[in-house]
Amino acid sequence: PPQPPAGTDFRRLVEAGQDVPSLEPYAVRGKVTVFDFYADWCGPCRRVDEHLFELLERRHDIAYRKLNIVSWETPLAKHYLAGVPSLPFVVVYGKDGKPAGSISGLELDRLDRAISSGSGR
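Source: prediction; values computed, not measured. (Residues numbered from 1 in each chain as written. Predicted model: local features only at pLDDT ≥ 70, side-chain atom pairs only at ≥ 80, totals over all residues. Heavy atoms only, no water.)

### Comments concerning the sheet that holds strand E3 (residues 62-68)
Stage number 1. If you trace the five strands from one edge of the open sheet to the other, you get E1-E3-E2-E4-E5, paired in mixed fashion. At either end of the open sheet lies a strand with only one pairing partner, and these are strand E1 (10-14) and strand E5 (99-104). Sheet twist, expressed as the mean angle between neighbouring strand axes with direction ignored, is 20°.
Stage number 2. Sheet topology note: the strand E2 (residues 32-38)/E3 ladder contains seven bridges and is parallel. Bridge assignment links Thr-33 to a residue of E3, and that residue is Ala-63.
Stage number 3. Its contacts with the sheet put helix H1 (residues 43-58) on E1, E2, E3 and strand E4 (89-93), and the angle it makes with E3 is roughly 160°. (Pairing = 2+ DSSP bridges. Helix = DSSP H or I, 4+ residues; strand = E, 2+ residues; numbered from the N terminus. Axes fitted to C-alpha atoms, helices over the stretch in contact; angles between N-to-C directions. Contact = heavy atoms within 4.5 Å.)

Here it is as structure tokens:
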């Protein structure tokens, strides 16, 4: 799988599908925070990584947080993905720490628009 560029604001929040009660505490004030709900078996999820790793190299105002759902049956998936038709599922928080959008499926143009919206651009 693609690896994050050195020195970028990247963290794996969840490795094994455990629940996170709220995303807000992990949103980085002053940065656009991208929460990526993914699974290792999800091919399109790797494309999101590639896209965001390129952005992280150019922009220092983005924090990237990954949450591995493992399967649709884990507590994390049941909490956040009820009604979500497909992975990847990405939630973007703006620099103000508030939700700026969510995208289901591989829609990189919508992801870019949500990041721009969250950064005030």
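### Here we look at the side chain of Asp-61
Stage number 1. Counting through the fold element by element, Asp-61 comes out in the loop between H1 and E3.
Stage number 2. In terms of polar contacts, Asp-61 uses its side chain to reach the side chain of Arg-59, at 2.9 Å. (Polar contact = N/O pair within 3.5 Å; in protein donor to acceptor, adjacent residues only side chain to side chain.)

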